[in-house]
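What follows is each chain in one-letter form.
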Amino acid sequence: MSDKAVVVGVELRGHAGTDADEGARAELDRRIVLATQGGLPLVARPYAAVAETLGVAEGLVRERLAAMLADGRIRRIGAVPNHYAIGYTANGMSVWDIDADVIDAVGERVGRLDFVTHCYRRPRHLPDWPYNLFAMVHAASREAALARVDEIAALITAEFPDACRGRDVLFSSGILKKTGLRIGG
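These numbers come from a predicted model, not from an experiment. (Residues numbered from 1 in each chain as written. Predicted model: local features only at pLDDT ≥ 70, side-chain atom pairs only at ≥ 80, totals over all residues. Heavy atoms only, no water.)

Okay, the pairing of strand β5 (residues 133-139) next. Remark: a regular strand shows side chains that alternate across the two faces of the sheet. Along β5, seven of the seven residues are buried, which leaves the element largely enclosed by surrounding structure. Of the two faces of β5, the one holding Leu133, Ala135, Val137 and Ala139 and the one holding Phe134, Met136 and His138 are both buried throughout. With seven bridges joining them, strand β3 (residues 90-98) and β5 adopt antiparallel strand pairing. Among the inter-strand pairings, Asn91 is bridged to a residue of β5, identified as His138. (Buried < 20%, exposed > 50% of the residue type's maximum accessible area, 1.4 Å probe, protein only. Helix = DSSP H or I, 4+ residues; strand = E, 2+ residues; numbered from the N terminus. Pairing = 2+ DSSP bridges.)

On to the packing of aromatic side chains, then. The final tally for this structure, using the stated rule, is three aromatic pairs. For the ring pair Tyr120 and Phe134, a centre distance of 5.7 Å and an interplane angle of 35° mean the geometry is tilted. Placement of Tyr120 in strand β4 (residues 116-121) and of Phe134 in strand β5 is noted, with a sequence separation of 14 residues between them. Of the residues examined, Tyr120 reaches a relative accessible area of 27% and is grouped as partly exposed. (Phe/Tyr/Trp six-rings, centres within 6.5 Å; stacked < 30°, edge-to-face > 60°.)

Let us now look at the confidence of the model for the chain. Predicted coordinates in areas of low pLDDT are best not read in detail. In the predicted model, the chain carries a mean pLDDT of 85, and the fraction of residues at 70 or more is 78%. Across residues 1-8, confidence stays below pLDDT 50; counting only partners more than four residues off in sequence or on other chains, it has 24 contacts. (pLDDT = per-residue confidence, 0-100. Contact = heavy atoms within 4.5 Å.)

Before going further, it helps to examine the sheet that holds strand β6 (residues 164-171). Across the sheet, four strands lie side by side as β4-β5-β3-β6; this open sheet has antiparallel pairing. Every other strand in the sheet has two partners, leaving β4 and β6 as the edge strands with one partner each. In this sheet, adjacent strand axes meet at a mean angle of 20° when their direction is disregarded. (Axes fitted to C-alpha atoms, helices over the stretch in contact; angles between N-to-C directions.)

What follows is the structure, given as structure tokens:
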């Protein structure tokens, strides 16, 4: 896999420290976020590389990241693949008009499918936009993506009869730069 195929990074939520020890931890946390917000190094031990850059121990970097995850300052640490670079050139957002009484259950079920990378509820904008559930699928071809959408439809029909009143698929025409919140240096 090329170094441009996956970016692993940190997505931040706001937080401020209170006392002197807290201030020192907050400053280190800020330095860790600045060092990782553009992506973790693509090396065997990325936290060790970050620690070396910051002049601290790897264990401390791991400890501080775990603390920021635990208290919600960091929402997640995860891979953000460049789907085009790894061969998935047909990226389709399937959109669904799902009965409001079962939309949460349908969304949870669809979101667990291994080929669905994003699944979320959104408000309808009637009369033009009846869709309230979105599920992103990635495939090597439009036909393969449409087959996956058909799998979702079959699942919804089997497990939630009459819940789906309509659907569509919107295909990506290009890739956007994916980044989370960035803080300044």
